[in-house]
Amino acid sequence: MSDTLTLSSPSLQQPEVFSVRQSLCPLGAHWITALQEAAWDRFQTLPTPVRTNENWRFSSMQRIREVDAFCPVNETEVHLPAAMESTSVITAQAGRLVFADDVLVDVTAPAPELTAKGVIFTTLVDAALQHPELLQEYFMRHSPELGSEKFEALHLAMLRNGAFLYVPDGVEIEAPFVVQQWAVKDGGAIFPHVIAVAGKNARASVVELQKCAHADTPHLVVANAHLHAGDGATLTHAIVQNWNRSTLSFQLNTSSAASNTTAKSTIINLGSAQARQEIHGRIFGNASNVEMYSLNVPEQSQEFDQRTLQTHVAPNSRSDLLFKNALMDRARTIFSGLIIVEDHAQQTDAYQTNNNLMLSEEAEANSLPGLEIKANDVKCSHGATTGRIDESELFYFLARGIPRKTAQELMIFGYADEIIQKLDHADLREYVSGQVQDKFIH
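Keep in mind that what you see is a predicted model, and the values were worked out from it rather than measured.

On to the pairing of strand E10 (residues 219-229), then. Burial analysis of E10 places 10 of its 11 residues in the buried class, the great majority of the element. Sheet topology places strand E7 (residues 188-190) next to E10; three bridges connect them, and they run parallel. In the sheet register, Gly188 faces E10, and the bridge partner there is His219. Bridge analysis of E10 against strand E12 (residues 247-257) gives 11 bridges, and the strand direction is parallel. Across the sheet, the residue bridging to Ala225 is Asn253, located in E12.

Quick look at the structure:
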């Protein structure tokens, strides 16, 4: 029996499906097993996306149709090159989990005083065994609902492991919890998963670092992250996506904000041949502040495809989205965003902005911002800008003896820095700045 993923799979018999699932998905709990069986059936039934679907408008479909070229990784041991095993971007950490091809390879456990307060930072496998009721409360409870339902089903069906963070009511933690994801096997498909829960009046932050062990091995990555911020909580989430240039990646994110919460997500996109990201932020409670930021730096023939939803269900809340793209060579970006304000979400204050800096005549940026307002007492706006380096600003540098190339780099870094400064931790900001600078200089 082949483990190769096939989008249609018309000849795959039910016993073989179970064999694939059982060998690849050792989460153990019966309720997860049932979800995974249903997800595999759903994956086989759902059609492959097509460009005529509004959720896939402007997307390149060739790589999407070649998903069956990848095989799920089923190794139980993965060895990273020695230089990568100890890689640590952030010095002060509340805890760290390192996965290679969905196998846990390194752990830095939370300090005993945090554990004593009820903080849980562990793998999904361990959470399913040790905290089943808690995990069940948050596991796959929401979907982005932005077009990748087939790949979300594949993610669940093939899920082997992931990270689970739970911070109880009233516990505040300044240092971040770090999850590092490595793709290793040539031609492998992996399915990273992160759940982060902050209880009432709790404070926590999660940083995900995504990289490949080798520069040119092809990979399929279908990642999922869900964040839940309880009443009065502060929860931040950052992803630095830097898969190699032979990777097809999906990042499917959802977040739930209760009342009086402060929630912030920041995504830095550097790698992948084609990266699809779907982000749905739901505000269920009043008086909350939700912020969504992204910096995308594609070059050569990279394509970054981002679809977002800001859904306001409760009144008196604010959301702010700013996605910035700096495109080089023949790179392409797609931004499609929608703000939905339900009829009882009065006094909503919501913003959505997509800015595109074109650094090449051949680059292509597509922007589709939108509003769906059902309430009558709101303040909402959306917009998109596309432009090139301002020659008058460039002249300011040249007049002071700064070479043109240096001046252009300074202006580009200034453009990108607005998003980099949204990252909460100085070590992470320094790391991302270096990665962005290396990409432009390269």
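Moving on: the packing of helix H2 (residues 30-45) against helix H7 (residues 149-158). Orientation of H2 relative to H7, taken along the N-to-C sense of each, is 145°, at an axis distance of 8 Å. The handedness of the crossing between H2 and H7 is left-handed. From H2, Leu35, Gln36, Ala39, Trp40, Arg42, Phe43 and Gln44 reach across to H7, where they touch Lys150, Ala153, Leu154, Leu156, Ala157 and Met158. When grouped by side-chain class, the residues that make up the contact of H2 with H7 number nine nonpolar, two polar and two charged.

Looking now at the sheet that holds strand E2 (residues 95-100). Here 10 strands make up an open sheet; going across it, the order is E3-E2-E6-E9-E11-E13-E15-E17-E19-E21 and the pairing mixed. Of all the strands in the sheet, just strand E3 (103-108) and strand E21 (379-387) have a single pairing partner and so form its edges. Across the sheet, the axes of successive neighbouring strands diverge by a mean angle of 10°, strand direction being ignored. In terms of strand pairing, strand E19 (residues 349-358) meets E21 through nine bridges, oriented parallel. Following the sheet pairing, Asn356 is matched in E21 by Thr386. In the packing of helix H9 (residues 404-420) onto the sheet, the strands contacted are strand E13 (262-269), strand E15 (289-296), strand E17 (318-327) and E19, and the crossing angle to E17 comes to about 150°.

Along the chain, Arg332 turns up in strand E18 (residues 332-341). Assessed through its relative accessible area of 13%, Arg332 is described here as buried. A distance of 3.3 Å separates a polar atom in the side chain of Arg332 from a polar atom in the side chain of Ser60. A polar atom in the side chain of Arg332 sits 2.4 Å from the side chain of Glu303.

With that settled, the discussion passes to the packing of helix H8 (residues 391-398) against H9. Contact geometry for H8 and H9: axes closest at 9 Å, N-to-C directions at 125°. As the angle between them shows, H8 and H9 are arranged oblique. Seen from above, H8 lies across H9 with right-handed handedness. Contacts between H8 and H9 involve Glu391, Glu393, Leu394, Phe397 and Leu398 from the first element and Arg404, Ala407, Gln408, Leu410 and Met411 from the second. For the contact of H8 with H9, the residue count by class is six nonpolar, one polar and three charged.

Turning our eyes to something else, we now look at the environment of Asn74. Looking at where Asn74 falls in the secondary structure, it is placed in the loop between strand E1 (71-72) and helix H3 (82-85). For the pair formed by Asn74 and Met61, sequence separation is 13 residues and the distance between their alpha carbons is 27 Å.

Considering all chains together, one arrives at 18 salt bridges under this definition. The partner of Lys264 in a salt bridge is Asp424, with the nearest N and O atoms 2.7 Å apart. With Lys264 in strand E13 and Asp424 in the loop between H9 and helix H10 (426-441), this pair connects stretches of sequence that are 160 residues apart. On the basis of relative accessible area, Asp424 is assigned to the partly exposed category, the value being 37%. We note a salt bridge from Asp305 to Arg307, for which the minimum N-O separation is 2.7 Å.

What counts and how
All residue numbers refer to positions counted from 1 along the written sequence of the respective chain. In keeping with the predicted nature of the model, local features appear solely for residues at pLDDT of at least 70, side-chain atom pairs appear and are counted solely at 80 or more, and the whole-chain, interface and lining totals rest on all residues. Each side-chain value is worked out from all heavy atoms of the structure, with water and hydrogens disregarded. Any residue under 20% of the maximum accessible area for its type is buried, any over 50% is exposed, and the rest in between are partly exposed; the area is computed with a 1.4 Å probe on protein chains only. Numbering of helices and strands runs from the N terminus, with a helix taken as a DSSP run of H or I at least four residues long and a strand as a DSSP run of E at least two residues long. Here, strands pair whenever DSSP counts at least two bridges between them. Lines are fitted to the C-alpha atoms to define the axes, a helix being fitted only along its stretch in contact, and any angle between axes, read from their N-to-C directions, falls within 0 to 180 degrees. Each helix crossing is assigned a hand: it is left-handed if the near helix lies turned anticlockwise from the far helix by less than a right angle, otherwise right-handed if that turn is clockwise. By definition in these notes, contact holds between two residues if any of their heavy atoms fall within 4.5 Å. For this classification, Asp, Glu, Lys and Arg are treated as charged, while Ala, Val, Leu, Ile, Met, Phe, Trp, Tyr, Cys and Pro are nonpolar and the rest, including Gly, are polar. Nitrogen and oxygen atoms within 3.5 Å of one another constitute a polar contact, given that in protein one can donate a hydrogen and the other can accept it, and given that sequence-neighbouring residues count only through two side-chain atoms. Oblique is the label for any angle not covered by the other classes, which are roughly parallel (under 35 degrees), roughly antiparallel (over 145) and roughly perpendicular (65 to 115). By definition, a salt bridge exists where a carboxyl oxygen of Asp or Glu is found within 4 Å of a side-chain nitrogen of Lys or Arg.

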